[in-house]
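Architecture at a glance
In case you want the letters, here they are:
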Amino acid sequence: GRVAAKSWPAAVGQFTAEAHITDGVLRLDKLTGKLGGGDVRGSLTVPLHLIADRFRPPVEDPGQLIRWSLETDQTQLRLGGQQEAGATFGLRVTGEAAQLAVADVKSVVEFDELSLRGKHAEMKQTGRTRITIDHSVARLEPTELRGAAASLRISGASTLSTDPAVEVQISGEADASVLALL
């Protein structure tokens, strides 16, 4: 198949995967593709009874969870529709859920590489950036971004519900051109 979008912030393409259904479980293995010029690799396991009632739970492991993993490297995104604003990142996502519901998702997103750039400024992470998702809350663990004109420490949390709430803490020093990146 093909994926296309007029306003997608990154080039997407060449996705392939091996799909298997065994004992009532769908497995997508060897998922590969391209996103924003970077490589994507991943896998997905879904017990089919969680998608439709007509399927029975797996015999060998009736409590099996939905599980996923995804990795990217050197992915580039355009931000805000401006050619000069963007982000480059490499990340790893792992997770599981007992049901197809946000409240059941437990996931970790780790950025091995993260840089943000605007027309007049660029910032890069100084260590790994980590986001955890558990019980409908996404938490950004303290992370530091540095550039020629700034040093910022950011952390926060957001509820992932129909009534979202966001809390962000930012400390450090920056000139106005850097704040436009945020």
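Residue positions within a chain follow its written sequence, with the count starting from 1. The model is predicted, so local features are restricted to residues of pLDDT at least 70 and side-chain atom pairs to those at 80 or more, both for listing and for counting; the totals for chains, interfaces and linings are taken over all residues. Where side-chain values are given, they derive from all heavy atoms of the structure, hydrogens and water being excluded.

1. Considerations on the overall build of the chain
Helix numbering and strand numbering both begin at the N terminus, where a helix is a DSSP run of H or I of at least 4 residues and a strand a DSSP run of E of at least 2. The secondary structure content of the chain amounts to one helix and 11 strands. In sequence order, the chain lays out its α and β elements as β-β-β-β-β-β-β-β-β-β-β-α. For each residue, the accessible area found with a 1.4 Å probe, counting protein chains only, is set against the maximum for its type, and the residue is called buried under 20%, exposed over 50%, and partly exposed in between. The burial tally for the chain puts 32% of its 182 residues in the buried class. Residue contacts follow a heavy-atom distance rule, with two residues in contact if any of their heavy atoms lie within 4.5 Å. Relative to all contacts within the chain whose residues are 6 or more apart in sequence, the contacts with residues 24 or more apart total 37%. Only the protein chains shown count as covering a residue, and every accessible area follows the Shrake-Rupley method with a 1.4 Å probe. Element-wise, carbon and sulfur atoms account for 53% of the exposed surface of the chain, whose accessible area totals about 11400 Å².

2. Examining the nonpolar core
If you look at the biggest cluster of nonpolar residues, it comprises 13 residues, and the most contacted ones within it are Leu91, Phe111, Leu114 and Leu145. Every element with two or more residues in this core is listed here: β5 (82-97), β6 (106-117) and β10 (150-159). Not counting the four nearest positions on each side in its chain, Leu145 is found in contact with Leu114, Leu116, Met123, Lys124, Gln125, Ala150, Ser151, Leu152 and Ile154. We define a nonpolar core as any set of buried Ala, Val, Leu, Ile, Met, Phe, Trp, Tyr and Cys residues linked to one another through side-chain atoms lying within 4.5 Å.

3. Some remarks on the pairing of strand β2 (residues 25-35)
Any two strands between which DSSP finds at least two bridges are classified as paired. In this structure, strand β1 (residues 12-22) lies alongside β2, joined through eight bridges in antiparallel fashion. When the sheet's bridge partners are listed, Ala19 is paired in β2 with Leu28. Joining the antiparallel neighbours β1 and β2 is a turn of two residues, in which Asp23 adopts a positive phi near 50°. Two strands pair when backbone bridges link them, and β2 and strand β3 (residues 38-47) are joined in this way by nine bridges, in the antiparallel orientation. Bridge pairing in β3 links Leu26 to Val46. Hairpin connection, β2 to β3: the antiparallel pair is bridged by two residues, and Gly36 has positive phi, about 55°.

4. Comments concerning the side chain of Thr75
Within the element layout of this structure, Thr75 appears in strand β4 (residues 66-79). For Thr75, a relative accessible area of 0% puts it in the buried group. Counting of polar contacts relies on pairs of N or O atoms within 3.5 Å, with two restrictions inside protein: one atom must be capable of donating a hydrogen and the other of accepting it, and residues adjacent in sequence are counted only when both atoms are side-chain atoms. Polar contacts involving the side chain of Thr75 include one to the main-chain carbonyl oxygen of Leu35, which spans 3.4 Å. The contact partners of Thr75, leaving out residues within four places of it in the chain, are Leu35, Gly36, Gly38, Ala87, Thr88 and Phe89.

5. Some thoughts on the pattern of salt bridges
When the charged atoms of two side chains lie near each other, side chains of opposite charge can form a pair. Take a side-chain nitrogen of Lys or Arg and a carboxyl oxygen of Asp or Glu: if they are within 4 Å of each other, that pair is a salt bridge. Taken as a whole and assessed by the stated rule, the structure comprises 11 salt bridges. With a closest N to O distance of 3.9 Å, Glu110 and Arg128 form a salt bridge. A residue pair is termed long-range when its members are at least 10 positions apart, and Glu110 in strand β6 and Arg128 in the loop between β7 (122-125) and β8 (129-134) qualify at 18 residues. A relative accessible area of 16% means that Glu110 is categorised as buried. With relative accessibility at 49%, the residue Arg128 sits in the partly exposed group. Arg146 serves as the salt-bridge partner of Glu144, at 2.6 Å between the closest nitrogen and oxygen. You can call Arg146 partly exposed: its relative accessible area is 47%.

6. Re the packing of aromatic side chains
Aromatic rings from Phe, Tyr and Trp, with only the six-membered ring used for Trp, were paired whenever their centres fell within 6.5 Å, and each pair was classed as stacked if the ring planes differed by under 30 degrees, edge-to-face if by over 60, and tilted otherwise. Taken as a whole and assessed by the stated rule, the structure comprises one aromatic pair. With a centroid separation of 5.9 Å and 75° between ring planes, the pair formed by Phe89 and Phe111 is classed as edge-to-face. With Phe89 in strand β5 and Phe111 in strand β6, this pair connects stretches of sequence that are 22 residues apart. As far as burial versus exposure is concerned, Phe89 and Phe111 are alike and both buried.

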